[in-house]
Amino acid sequence: MNQAFCYGDHIDTDVIIPARFLDTSDAKVLGGYCMMDLDPSFVEKVNPGDMIVAGENFGCGSSREHAPLAIRGAGVTVVIAKSFARIFFRNAINVGLPIVACPEAVEGIESGDSISVDLTAGIIKNETKGCEWEMAPYPPFLQDMIDMGGLENYVKQQKEKQNV
Amino acid sequence: MKMTMTQKIFAQACGKSEVEAGEFILANLDIVLGNDITTPVAQDAFERMEAVTVFDKDKVVIVPDHFTPNRDIRAAMQCQKVRNFALDQEITNYFEVGEVGIEHALLPEKGLVSAGQVIIGADSHTCTYGALGAFATGVGSTDMAAGMAMGKTWFRVPEAIRVELTGKMPKWVSGKDVILTLIGELGVDGATYQSLEFVGDGIKNLTMDDRFTIANMAIEAGAKNGIFPVDEQTLAYLKESGAKEPKIFEADSDAEYVREVKIDLATLSPTVAFPHLPENTKRIEDVEEIVIDQVVIGSCTNGRLDDLRIAAEVFKGRKVKKGVRVLIFPATQKIYRQAMHAGYFDVFLDAGAVISPPTCGPCLGGHMGVLAKGERAVATTNRNFVGRMGHVESEVYLASPAVAAESAIQGIIAAPGTWTKEERS
Ligand code: SF4
C-alpha cells in the first residue's frame, strides 16, 4: 500500500525541512523532521514507499538540498505535483528523488488513496479510485542524467574519461 | 540573432555563437559558491564523485555566514567540516568569522563578481549578482559539488520576461518596493524557469544597492535569474571593487520575451508583503493597523550601506516604541565599519536598537533574534514563509528599511512621510 499525502500549492522548502534543523545533512535525521511545520503528523504516519502529492510550485524557496533529502529520508519514493520550483526540480534530479509533474493526477488523488507509479512505463495509477494517468516524458538530456543515476555518476564518468 | 542578455552570456560560456530557449547546455563557470549549510552536503557529494581537488581554487568561494558565529555545537561541527575542506583545498576565497559577511553582499564587495560571468551558488539568493550584469543562479549542493569538480554545469537556456522600469522613485521608496511590486504582479511562481531582464531609462535612477535588492529577490518570483544591463554606475562599482575586466552583453533589439511588464517608478508606494508569501503585497496606504513585536533591518536583501543610511535617517533623534525589539545587522564587516564611521550606529543605539555582527542569523530563524509564538516582525529580508523567522505561528511582513524603521518607532506597520489613498490615486 503506497499511500498519498496531499498538500496544496507553494509548499516551500522551509516547511519541507525548517532551517533550524539544517545543522545536519543526514537524510534519515532530516526525514524525522520532514513537513513538520505544515503537518506534524506526517512523520508518524508516513511509511516507506508512500508519496507526496502537491499543487503548483512545490519546493519553492531556498536551494537547500536537504529538502529532497528529507523527503527521501522520510521514506517517500515519488513526489507528484502540478509543477515544481526550479531549484527543487534540479536538486531532486541530482539526488535521485523521482519527481513527476502531472496536474491531472494531482486533481484525481486524495490523501490516503493508494497510488502506484511506474516511472519506466510513465503511468500513475490511483488504485483506490481505479483511474490512471500518463505522465509526460523528461527531455532527453534529463532522462540521460536520470538513467546514469544522477549528477554524481555523470561527473564520475566525465572524470574517468579525462583520466583515460 | 534574437538573444536575450542571459542567452548571450550562456552562448559565450558554452562556446557557441547562438543558443535558444529550451536548449540544454554545459557551461563554463566563473564562480562556484557555497555556505556553511550547503557546503557540507556538497563535500559529501564531491567525495562520492571521487573528485580530489577543486577545478580552480580561486573560483570556488566558501562563505560560512548562516549559523556563524557558531550558534551551537552542531553548527560548530558543521563549520569545522567546511573550514577543514577550505584549508585542505587551499580555497583562496574562504572567509572566516572576522572577515565574513553575508555572501551576497560580500562577493560583489570583494570584487569576486564581474559583468558577463556565469556564477552558481548553493544558495537561492545567488541571483543577486545579476545586478552587476552577470548570470548568477542558485543551485543545490550536488550542483555545487559538480561545479567544484568540473568547473562546468548543465543549464536549460531560459526564456525571459522583460521588465521595463521608467521614471524616478518618490522619496522613501526604494529598490525593495520595486521588487515587491513586481513579485505582487507576477506571483511567486510567475517567472519560474525564466530570466527577469530589467531594462529602461528608470534604471539610471536606481543606486547599485537598489539593484542588488531587486536582483536578490528575482528568485521570489521563481525566476532563474534577474539581470541588469551594465551602465556607468555598474562600471564604476566594478572598478572600485577591483573586479575582473567586465564582459558587456546586451540583449538583441529583436530578442524574444515571453512577457513584458512595465513599472513607472514614480507611481510606487512603500510596499509590504504580508505573511506567508512574498506575493501578498499591499501598498502602505492600504495597510491596516498591525501591531508588531520585532523589526529586523539587514540581510543580503537590505543590509547594505544605503539601507542603513535610510534607516538612520528615519531613526534620527527618535525612539523605538516600548515593547518592540529592533535588530540591525549590517551585511559585511566593511558595511559595518562604514555605518559606524558615518555615525549611524550612534543613531541606532540612541533609538534603542541592537546591532549584530554580520550573519544571516534572524533572517532564517537561525539565531540572534528568533520569533516566539504569535509574534509579528517587520523585516527587510526576502522571505516570509511559515516559520521562516521562528515559531510556526509567528508572522513576517517584508518591507524596505524605511518602512521597517518607521514601524519600529510607531509600533505598527508604517512608512515615513504621508501616504494616503487620495494622494496616490
Ligand atoms: S541573509 Fe537570509 S536570504 Fe540572505 S543568504 Fe542569509 S539566510 Fe539567505
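Cut-offs and rules
Residues numbered from 1 in each chain as written. Chains lettered and ligands numbered in written order. Predicted model: local features only at pLDDT ≥ 70, side-chain atom pairs only at ≥ 80, totals over all residues. Heavy atoms only, no water. Core = buried A, V, L, I, M, F, W, Y, C linked by side-chain atoms within 4.5 Å. Buried < 20%, exposed > 50% of the residue type's maximum accessible area, 1.4 Å probe, protein only. Domains from an automatic or database assignment. Contact = heavy atoms within 4.5 Å. Pairing = 2+ DSSP bridges. Helix = DSSP H or I, 4+ residues; strand = E, 2+ residues; numbered from the N terminus. Axes fitted to C-alpha atoms, helices over the stretch in contact; angles between N-to-C directions. Buried area = accessible area lost by both parts, 1.4 Å probe. Salt bridge = Lys/Arg side-chain N within 4 Å of Asp/Glu carboxyl O. Polar contact = N/O pair within 3.5 Å; in protein donor to acceptor, adjacent residues only side chain to side chain. Near = heavy atom within 4 Å. Nonpolar A, V, L, I, M, F, W, Y, C, P; charged D, E, K, R; others polar.

Asks: In this structure, what is going on with the nonpolar core? I would like to understand it.
Replies: Buried together is how nonpolar side chains tend to be arranged in soluble globular proteins. Among the nonpolar cores identified, the biggest contains 189 residues, and A:F58, B:F315 and B:F348 are the most heavily contacted of them. Two domains each put at least three residues into this core: domain 1 (5-264) and domain 2 (272-417) of chain B. With sequence-adjacent residues up to four places away left out, B:F348 is seen in contact with B:L308, B:A311, B:A312, B:F315, B:I328, B:A353 and B:I355. Listed in part, the 15 residues of the second largest apolar core include A:I80, A:A105, A:V117 and A:I124.

Asks: I keep staring at the sheet that holds strand β4 (residues 99-101) of chain A and nothing clicks. Help me out?
Replies: In a beta sheet, neighbouring strands are held together by backbone hydrogen bonds and run either parallel or antiparallel to one another. All names here are of chain A. The strand order β1-β2-β3-β4 describes an open sheet built from four strands, whose pairing is parallel. Edge positions in the open sheet fall to β1 (4-6) and β4, since each of these has one partner strand only. For this sheet, the mean angle separating the axes of adjacent strands, direction not counted, is 20°. Sheet topology places strand β3 (residues 78-81) next to β4; three bridges connect them, and they run parallel. The residue of β4 that forms the bridge with I80 is V100.

Asks: Would you mind going over the interface of chain A and chain B with me for this structure?
Replies: Interface size is commonly expressed as the accessible area that is lost once the parts come together. At the interface, 41 residues of chain A touch 48 residues of chain B. Buried area between chain A and chain B, both sides added, is near 3,900 Å², and the carbon and sulfur share of it is 58%. Linking chain A with chain B are six salt bridges, by the criterion used here. A:R90 is the salt-bridge partner of B:D143, the closest N and O atoms lying 2.7 Å from each other. Inspection of the region where chain A meets chain B yields 20 residue pairs in polar contact (both at pLDDT 80 or more).

Asks: What exactly am I supposed to notice about the site of the ligand here?
Replies: Residues and elements named next belong to chain B. The environment of the ligand is made up of H66, I102, E103, H104, D123, H125, S299, C300, C360, C363, N382 and R388. Counting residues per element, the ones that place at least two in the shell around the ligand are α4 (103-109) and α9 (299-302). A breakdown of the residues in the shell around the ligand according to their chemical character gives four nonpolar, five polar and three charged. Counting only domains with at least three residues in the shell around the ligand, you end up with domain 1 (5-264) and domain 2 (272-417).

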